Amino acid sequence: MSPLSRLIALPIRAYRIVLSPWIGFNCRYQPTCSAYALEALETHGALRGGALAFWRILRCNPWGGCGYDPVPPKPDPKH
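Predicted, not measured: the structure shown is a model, and the values here were computed from it.

A word on the nonpolar core
- Counting 6 residues, the largest nonpolar core is built from A9, I12, A37, L38, L41 and A53.
- Of all elements in the fold, only helix 1 (3-23) and helix 2 (33-59) reach the threshold of two or more residues within this core.
- Among the elements that take part in this core, helix 2 stands out by supplying 4 residues, more than any other.

Rendered as structure tokens:
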């Protein structure tokens, strides 16, 4: 994980430790939005992973979807 990705992941990790237990575990998706964000940052880096995480958070609303929504795999550089 790049240093920028680690920096972006800090508030997500803090949310998981401090706020998530108080708010409750009510995510509409599996994996949860915070787990998705951390995996996206690790897999795709700060820019693309951050954008994927931001898009996921925007979709996590009463009118959005629900269910299993994994992080897309990293594109194959050969194609």
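Quick notes on a nonpolar patch on the surface
- On the surface, Y15, I17, V18, L19, W22 and I23 cluster together into a nonpolar patch covering about 710 Å² of accessible area.
- Looking at where I23 falls in the secondary structure, it is placed in helix 1.

Details of helix 2
- With 27 residues, helix 2 extends only 10 Å from end C-alpha to end C-alpha; this falls clearly short of the ideal 39 Å at 1.5 Å per step.
- Along helix 2, the helix axis deviates most sharply at G45, where the bend reaches about 135°.

Considerations on the confidence of the model for the chain
- Model confidence for the chain is summarised by a mean pLDDT of 91, while 99% of its residues fall at 70 or above.
- Strand 1 (residues 29-30) is the least confidently modelled element of the chain, averaging 92 in pLDDT, while helix 2 averages 95, the highest of any element.

Observations concerning the pattern of salt bridges
- Here the structure, examined in full by the defined rule, presents 2 salt bridges.
- Its salt-bridge partner being R56, residue D69 comes within 3.6 Å of it at the nearest N-O pair. With D69 in the segment after strand 2 (67-68) and R56 in helix 2, this pair connects stretches of sequence that are 13 residues apart. As far as burial versus exposure is concerned, D69 and R56 are alike and both buried.
- According to the relative accessible area criterion, D69 is buried, its value standing at 15%.

Calculation notes
Residues numbered from 1 in each chain as written. Predicted model: local features only at pLDDT ≥ 70, side-chain atom pairs only at ≥ 80, totals over all residues. Heavy atoms only, no water. Core = buried A, V, L, I, M, F, W, Y, C linked by side-chain atoms within 4.5 Å. Buried < 20%, exposed > 50% of the residue type's maximum accessible area, 1.4 Å probe, protein only. Helix = DSSP H or I, 4+ residues; strand = E, 2+ residues; numbered from the N terminus. Patch = residues over 30% accessible without salt bridge, like charges linked within 9 Å, V, L, I, M, F, W, Y side chains within 5 Å. Areas by Shrake-Rupley, 256 points an atom, 1.4 Å probe, with all protein chains shown as cover. Salt bridge = Lys/Arg side-chain N within 4 Å of Asp/Glu carboxyl O. Expected span 1.5 Å × (residues − 1). Bend = angle between axes of the 7 residues up to and from the residue. pLDDT = per-residue confidence, 0-100.

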